[in-house]
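# Residue-level structure breakdown
Here are the chains, one letter per residue:
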Amino acid sequence: QVQLVESGGGLVQAGGSLRLSCAASGSILSINAMGWYHQAPGKQRELVATITSAGSTNYADSVKGRFTISRDSAKNAVYLQMNSLKPEDTAVYYCNANVRRCSTYVCRDYDYWGQGTQVTVSS
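Residues numbered from 1 in each chain as written. Predicted model: local features only at pLDDT ≥ 70, side-chain atom pairs only at ≥ 80, totals over all residues. Heavy atoms only, no water.

Each helix and strand counted, the chain has zero helices and eleven strands in total. Against the 2.2 N^0.38 benchmark of 14 Å for 123 residues, the chain shows a C-alpha radius of gyration of 15 Å, consistent with a compact globule. When the backbone C-alpha atoms are referred to their principal axes, the chain occupies close to 55 × 25 × 20 Å. Taken across its 123 residues, the chain has 37% of its residues classed as buried. Summarising the internal contacts of the chain: among those between residues at least 6 apart in sequence, 54% fall at separations of at least 24. By element, 46% of the accessible surface of the chain is carried by carbon and sulfur atoms, the whole surface being about 6800 Å². Separation between the mean location of the 11 positive side-chain charges and that of the 8 negative ones in the chain comes to 4 Å. (Helix = DSSP H or I, 4+ residues; strand = E, 2+ residues; numbered from the N terminus. Rg over C-alpha atoms; globule rule 2.2 N^0.38 Å. Buried < 20%, exposed > 50% of the residue type's maximum accessible area, 1.4 Å probe, protein only. Contact = heavy atoms within 4.5 Å. Areas by Shrake-Rupley, 256 points an atom, 1.4 Å probe, with all protein chains shown as cover. Lys, Arg positive; Asp, Glu negative; His and termini not counted. Charge placed at Lys NZ, Arg CZ, Asp CG, Glu CD.)

What follows is the structure, given as structure tokens:
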């Protein structure tokens with residue numbers, strides 16, 4: 001199994017910055033992509049940013065220009081630099097890894113999730 005552990009959440013004022021970290025451990029053959037999603041009370045979990053094994057990135061429109069996703073493939077880690085934070089960014093942020101698992105005759109892709117880290121932005 002794959003375990004994901006997030007860190008770096010906390011309470012900040014509007015306009016401040018946080019850096020979230022996530023490291024994957026366990027039985028990993030190949031990571032297709034890693035990313036960050038968030039979920040606010042009463043809302044669905046939404047994509048924030050993803051990065052593929054090739055380095056391609058994808059951002060939600062609401063965070064473009066403010067957040068930057070990066071990776072350290074050697075450590076199976078992903079980071080989210082969050083600048084110019086707004087109260088609407090307040091949510092639980094979840095780390096995601098899409099992992100390919102193969103046998104001699106079949107490969108399957110699986111999504112793994114961390115337990116989440118709270119980000120609260122005060123006005």
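From this point, the discussion proceeds with the structure in view.
Taken as a whole and assessed by the stated rule, the structure comprises one aromatic pair. A centroid spacing of 5.0 Å and a plane angle of 70° characterise the contact between Y37 and W113, whose relative ring orientation is edge-to-face. Placement of the pair is Y37 in strand 4 (residues 30-39) and W113 in strand 10 (residues 107-113), with a sequence separation of 76 residues. What makes W113 partly exposed here is its relative accessible area of 37%. Across from the ring centre of Y94, 3.7 Å away, lies the NZ or CZ of R45, which sits over that ring. The positively charged end of R45 is found above the aromatic ring belonging to W113, 4.7 Å away from the centroid. (Phe/Tyr/Trp six-rings, centres within 6.5 Å; stacked < 30°, edge-to-face > 60°. Lys NZ or Arg CZ within 6 Å of the ring centre and 35° of its normal.)

Spatially, 1-3-8-7 is the arrangement adopted by the four strands of the open sheet, whose pairing is antiparallel. Edge positions in the sheet fall to strand 1 (2-7) and strand 7 (67-72), since each of these pairs with one other strand and no more. Along the sheet, successive strands turn relative to each other by an average axial angle of 15°, direction set aside. One ladder, built from six bridges, connects strand 1 with strand 3 (residues 18-26); its direction is antiparallel. If you follow E6 over to strand 3, its bridge partner there is C22. (Pairing = 2+ DSSP bridges. Axes fitted to C-alpha atoms, helices over the stretch in contact; angles between N-to-C directions.)

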